[in-house]
Amino acid sequence: MIQQEQPDLLPVRMLNEYAYCPRLFHLMHVEGRWADNVYTEEGHEVHRRIDRIDHVLPDPEDADATSEDAGQGEPAPTISRSVQLGSETLGISGKLDPVSTVADEAVPVDTKRGRPPDNPERSWEPERVQLMAQGLLLREHGYRSEYGMLYFAAARTRVRVDFTPELEARTLRLIEDARRASTSTILPDPLDDSPKCNGCSLNGICLPDETLALRHVPPNPASAGHAAVRRLYPPRSDALPLYVQEQGASVGKRGEVIVVKKDGEELATVRLKDTSQIVLCGNVQISAQTIQLLCEAGVPVVHLSRGHWFYGVTYGTTLRNAYDRAAQFHFAADPSKTLAFSRAIVAAKAMNQRTMLGRNARPRPESVLKEMAVLMRKIRHAQSLPELLGLEGAIASKYFANLGMLLRPRDMSADWAFDSRNRRPPRDPVNALLSFGYALLTRECTVALIGEGLDPWWGFYHQPRHGRPALALDLMEEFRPIIADSAVITAINTGMVSASDFTVSSAGCILRDTGRKAFIKAYEARLDQLATHPLFDYRASWRVLIRVQARLIARWLRGDVPEYIGITTR
Ligand code: SF4
């Protein structure tokens, strides 16, 4: 393990997360991951006020003054809000809100959303530990602090937490462990079948059940080896890409709403939380303030030419997992790992191509399917990347030679004949659509990999070459037939694209603006369709499944799962 420097003071809120789950702590505070769910959004609301104000505590040595002010009888407590305290000795810091003090005695109060749990303590351990840590901070600053209070906002109920020697010892041990974990490069194991994962906002990023299922080889969620994988939630991403294709438009913001304007007229408004990426096509401006907002929120801005040539991506620096990239470069230099990964993605792609033909071509091309199956059996025995490349090419040429059987065009005026791939430039409408579909898919995979902190330009099967997003091309292999090819067939068969959407000349076939817009609709609709993950047996949209697969590549690179398995349709 790499030697680390001494960590900064650990915020007590992070201690709560470490006590809840060390993997959650690592994902949030080491890698900089975040995702909201209904619980965390409620929590933000409760804490929003706290982060806006800063107060100081009365001096504990002013005990006499406090008592005098109170006059006769019990002295009145002083309530101090949002008090920032830190201790080098304890190694922690925290914003306490509120703290009730009477003379030199201080009671921290921590506000929680929801209601107290139905257990003997009427609180969860992470909450008690966080409160105890606040008590320790108060003691360090000269107060006596014997207990704290948890205030549950929904129930308007206070629960007393006594600072027992056992709780103190447990808290000190957790502080030490969490500080050590804050500089660790190792992703802790997920919790096994824990109810905590149900309410964890990072569930879709952590993939606890998926990780454990993949550690049981062969992964089979129905087997007794491991509990069934819980459904991914939400199955569809609420946030969608915002394409700005209107030439001369500008993108700005109003609070947390993205606003697209042209000539003073509002063309579109979308809430930031509903935006997964902003795709700027051609002559479109975006303000610096909007870019800053998007970077902070982890929403990428994709820059394309008007003809959708991919220039690049603007992404914030919220992710800190440089170790994933280090592992990526390390694995890329290992021929056995590169070959194993390449076999997995080529096998998945070939399987999906064969399924496309078998399911949709009529009459069913039995002899072609048999020939493809024979070639596919050789994939797992391929001893080199060139051998694999040869097998992939042979399977692809059989697939493309028969893909035309799936076309039942609504607009018969265009020449939809297709029997093989050609490109740079494509020479017919079907190849023009396929090329465009693959370009869109490359972009989707590039953004997914960047979102995982990986380098999309450094691949395993596709070797790095200047300007080629090699890892994105690796990731998209298994999705080519089931997303891009499928969208092309739908666009042609439903009449979403027609002859007027293409310009055909001796120089090649160009998809016009109208055709691009129409095809993007078909492509995005395909990404939004639900499919069943073959290993985990839950349904999710293709858009979500691309993210899951990108995440599993990162997890394989970190050693969190033993192998990468491509996604296949049944
Ligand atoms: S999903 Fe479960 S294992 Fe993963 S971070 Fe959350 S609580 Fe931990």
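A few points on the structure. Bear in mind the structure is a predicted one, so any value in this text is a computation, not a measurement. (Residues numbered from 1 in each chain as written. Predicted model: local features only at pLDDT ≥ 70, side-chain atom pairs only at ≥ 80, totals over all residues. Heavy atoms only, no water.)

**Examining the overall build of the chain**
So, point 1. Of the regular secondary structure elements, the chain holds 18 helices and 20 strands.
So, point 2. Taking all 570 residues of the chain together, 52% fall into the buried category.
So, point 3. Accessible surface for the chain amounts to roughly 26600 Å². Of this, 51% is attributable to carbon and sulfur atoms. (Helix = DSSP H or I, 4+ residues; strand = E, 2+ residues; numbered from the N terminus. Buried < 20%, exposed > 50% of the residue type's maximum accessible area, 1.4 Å probe, protein only. Areas by Shrake-Rupley, 256 points an atom, 1.4 Å probe, with all protein chains shown as cover.)

**Examining the pattern of salt bridges**
So, point 1. Counted according to the given criterion, the structure contains 29 salt bridges.
So, point 2. A salt bridge links Glu105 to Arg144, with the shortest nitrogen-to-oxygen separation between them at 3.9 Å. Placement of Glu105 in strand 6 (residues 105–112) and of Arg144 in the loop between helix 5 (125–140) and strand 7 (147–152) is noted, with a sequence separation of 39 residues between them.
So, point 3. A salt bridge links Arg271 to Asp274; its shortest N-O distance comes to 3.0 Å.
So, point 4. For Asp274, a relative accessible area of 23% corresponds to the partly exposed category. (Salt bridge = Lys/Arg side-chain N within 4 Å of Asp/Glu carboxyl O.)

**Topic: the site of the ligand**
So, point 1. Every residue close to the ligand is listed here: Tyr20, Cys21, Leu24, Pro190, Leu191, Cys197, Cys200, Asn203, Cys206 and Pro208.
So, point 2. Of the residues contributing to the shell around the ligand, the split by class is nine nonpolar, one polar and no charged. (Near = heavy atom within 4 Å. Nonpolar A, V, L, I, M, F, W, Y, C, P; charged D, E, K, R; others polar.)

**Focus on the packing of helix 10 (residues 322–332) against helix 18 (residues 542–557)**
So, point 1. Where helix 10 meets helix 18, the closest approach of the two axes is 9 Å, and the angle between their N-to-C directions is 75°. As far as their axial angle goes, helix 18 and helix 10 are roughly perpendicular. Touching Asp324, Ala327, Gln328 and Phe331 of helix 10 are Ala554, Trp556 and Leu557, all from helix 18.
So, point 2. Along the lines of polarity and charge, the residues of the contact of helix 10 with helix 18 split into five nonpolar, one polar and one charged. (Axes fitted to C-alpha atoms, helices over the stretch in contact; angles between N-to-C directions. Parallel < 35°, antiparallel > 145°, perpendicular 65-115°, else oblique. Contact = heavy atoms within 4.5 Å.)

**Description of helix 9 (residues 288–297)**
So, point 1. Inspection of helix 9 places Thr290, Leu293 and Leu294 among the buried residues, and these make up the whole buried set. Each buried residue of helix 9 sits inside an arc of 95° when the element is viewed along its axis, so together they form one side. Seen from the open side of helix 9, the exposed residues pointing more than 90 degrees away from its buried face are Gln292 and Glu296.
So, point 2. The inward-facing, buried residues of helix 9 abut strand 10 (250–254), strand 11 (257–262), strand 13 (275–281), strand 14 (285–286) and strand 15 (301–304).
So, point 3. Gly298 sits one or two residues past helix 9 and shows a positive phi near 75°. (Arc of directions from axis to C-beta.)

**Describing the sheet that holds strand 16 (residues 310–314)**
So, point 1. Read across the sheet, four strands follow the order 9-13-15-16 without closing on themselves; strand pairing throughout is mixed. The open sheet has two edge strands, strand 9 (240–244) and strand 16, and neither has a second partner. In this sheet, neighbouring strand axes are inclined to one another by 20° on average, regardless of whether the strands run parallel or antiparallel.
So, point 2. Sheet topology places strand 9 next to strand 13; five bridges connect them, and they run parallel. Looking at the pairing, Tyr243 lines up with Val279 of strand 13. (Pairing = 2+ DSSP bridges.)

**Quick look at the environment of Ile175**
So, point 1. By the secondary structure assignment, Ile175 is in helix 6 (residues 165–181).
So, point 2. According to the relative accessible area criterion, Ile175 is buried, its value standing at 3%.
So, point 3. For Ile175 and Leu15, which are 160 residues apart along the polypeptide, the C-alpha to C-alpha distance reads 6.7 Å.
So, point 4. Setting aside anything within four residues of it in sequence, one finds Ile175 in contact with Leu15, Leu90, Ile92 and Leu136.

**Side note on the sheet that holds strand 11**
So, point 1. A sheet is described by the order of its strands in space; here four strands give the open sequence 12-11-10-14, paired in mixed fashion. A strand with exactly one partner marks an edge of an open sheet, and here the two such strands are strand 12 (265–271) and strand 14.
So, point 2. The strands touched by helix 9 within the sheet are strand 10, strand 11 and strand 14, with strand 10 carrying the most contacts at an inclination of about 65°.

**Remarks on the packing of helix 14 (residues 429–451) against helix 16 (residues 480–493)**
So, point 1. Two elements in contact, helix 14 and helix 16, have axes whose closest approach is 9 Å; the angle formed by their N-to-C orientations is 135°. Our classification of the angle between helix 14 and helix 16 gives oblique. Pair helix 14 / helix 16 crosses with right-handed handedness. Residue-level inspection shows Val430, Leu433, Leu434, Gly437, Tyr438 and Leu441 of helix 14 in contact with helix 16, the latter providing Arg480, Ile483, Ala484, Asp485, Val488 and Ile492.
So, point 2. By residue class, the composition of the contact of helix 14 with helix 16 is nine nonpolar, one polar and two charged. (Left-handed = near helix turned anticlockwise from the far one by under 90°.)

**Things to note about the side chain of Gln277**
So, point 1. Here Gln277 shows up in strand 13.
So, point 2. A polar side-chain atom of Gln277 sits 3.4 Å from a polar atom in the side chain of Arg443.
So, point 3. Setting aside residues up to four positions removed in sequence, Gln277 forms contacts with Leu240, Pro241, Leu242, Val299, Pro300, Val302, Arg443, Glu444, Val447 and Arg547. (Polar contact = N/O pair within 3.5 Å; in protein donor to acceptor, adjacent residues only side chain to side chain.)

**Looking at the packing of aromatic side chains**
So, point 1. Following the criterion strictly, the structure yields 12 aromatic pairs and no others.
So, point 2. Plain terms: the ring middles of Trp416 and Phe502 are 5.7 Å apart, the flat faces sit at 85° to each other, and that makes the pair edge-to-face. Placement of Trp416 in the loop between helix 13 (385–403) and helix 14 and of Phe502 in strand 17 (residues 502–505) is noted, with a sequence separation of 86 residues between them. Of the two residues examined, Trp416 and Phe502, each falls in the buried class.
So, point 3. Aromatic ring contacts, followed pair by pair, group Phe331, Phe341, Phe460, Trp556 and Tyr564 into a single cluster.
So, point 4. Just above the ring of Tyr147 sits the side chain of Arg160; from NZ or CZ to the centre is 3.7 Å. (Phe/Tyr/Trp six-rings, centres within 6.5 Å; stacked < 30°, edge-to-face > 60°. Lys NZ or Arg CZ within 6 Å of the ring centre and 35° of its normal.)

**Here's the deal with helix 13**
So, point 1. Taking 1.5 Å as the rise per residue, helix 13 with 19 residues should run 27 Å; its terminal C-alpha atoms sit 26 Å apart, in good agreement.
So, point 2. Three or more residues of helix 13 are buried, namely Leu388, Leu391, Glu392, Ile395, Ala396, Tyr399, Phe400, Asn402 and Leu403. Relative to the axis of helix 13, the buried residues are bounded by an arc of 160° and lie together on one face.
So, point 3. Here helix 13 starts with a cap whose side-chain oxygen sits 3.2 Å from the backbone nitrogen of Glu387, and that cap is Ser384. (Expected span 1.5 Å × (residues − 1).)

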